Amino acid sequence: MTDLTAERSLATHLVQKGHAMRAAAVARPTQEDWDEVIEARCVADDNTGVRKLSIREFAFLGDGGADIGGWNLGPSSPEYLLGVISTCLTHTFLCLAAVRDLPLNRVEVRVQANNNDAGFFGVTSDRPPQPHDIRIHVELDAPTLSAEEKAAFIAEAEAKCPVVKALREPQSLTLTSA
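Conventions used here
- Residues numbered from 1 in each chain as written.
- Predicted model: local features only at pLDDT ≥ 70, side-chain atom pairs only at ≥ 80, totals over all residues.
- Heavy atoms only, no water.
- Pairing = 2+ DSSP bridges.
- Helix = DSSP H or I, 4+ residues; strand = E, 2+ residues; numbered from the N terminus.
- Axes fitted to C-alpha atoms, helices over the stretch in contact; angles between N-to-C directions.
- Phe/Tyr/Trp six-rings, centres within 6.5 Å; stacked < 30°, edge-to-face > 60°.
- Buried < 20%, exposed > 50% of the residue type's maximum accessible area, 1.4 Å probe, protein only.

Draft legend 1. Structural view of the sheet that holds strand S3 (residues 58-62). Overall, antiparallel pairing links the 3 strands, which are arranged S1-S2-S3 in an open sheet. Of all the strands in the sheet, the pair left with one neighbour each is strand S1 (41-43) and S3. For this sheet the average axis-to-axis angle between neighbouring strands, irrespective of direction, equals 25 degrees. Of the strand pairs in this sheet, strand S2 (residues 51-55) and S3 are connected by 5 bridges, and their pairing is antiparallel. Across the sheet, residue Ser-54 finds its bridge partner in S3, namely Ala-59.

See the structure below:
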């Protein structure tokens, strides 16, 4: 009889992920091999105003609450932003652990921010209109790491996380219209 819990553990996934990542690095050995264009597309075209987001073959809904005329059918854009930070940083932990054969039992990344939509309602506000004062809380169950090693691992993941880097470093942004 096999232990299904062990087979489905995060540590087991990290072993498989490490094998896959090492094989991909061998198959694609130059930086040019990794160049790609990624895309997200959003359409609002019906009486709900719901934003239909598609990324590859995946579909998501973006909406707001009743105060902003929404139907609460999905997260708001600022909430998606926090979710993307959370998923990317979590994945960065997994990638780093996988290539190092570092067992992790659990990773939880909670992201919070202050938000103020007053400007959308014509209300005068001195608060930034974008999510601000973003706070990230990490819970990492890494039994083989000392407290100092865990702190260094967390700092390294934060420094390497593509989405965190994109938010911290200036980016070019070009808007075009048809």
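Picking up where we left off.
Draft legend 2. Focus on the packing of aromatic side chains. Summed over the entire model, instances satisfying the criterion amount to 2 aromatic pairs. Between Phe-60 and Tyr-80 the ring centres are 6.5 Å apart and the planes differ by 80 degrees, which places this aromatic pair in the edge-to-face class. In this pair, Phe-60 is assigned in strand S3 and Tyr-80 in helix H3 (residues 77-100), connecting sequence segments 20 residues apart. Phe-60 sits in the partly exposed class, given a relative accessible area of 35%. Seen from their ring centres, Phe-93 and Phe-153 are 5.7 Å apart, and the 45 degrees between their planes marks the pair as tilted. With Phe-93 in helix H3 and Phe-153 in helix H4 (residues 147-160), the pair connects residues that are 60 residues apart, well separated along the chain. Both residues of the pair, Phe-93 and Phe-153, belong to the buried class.

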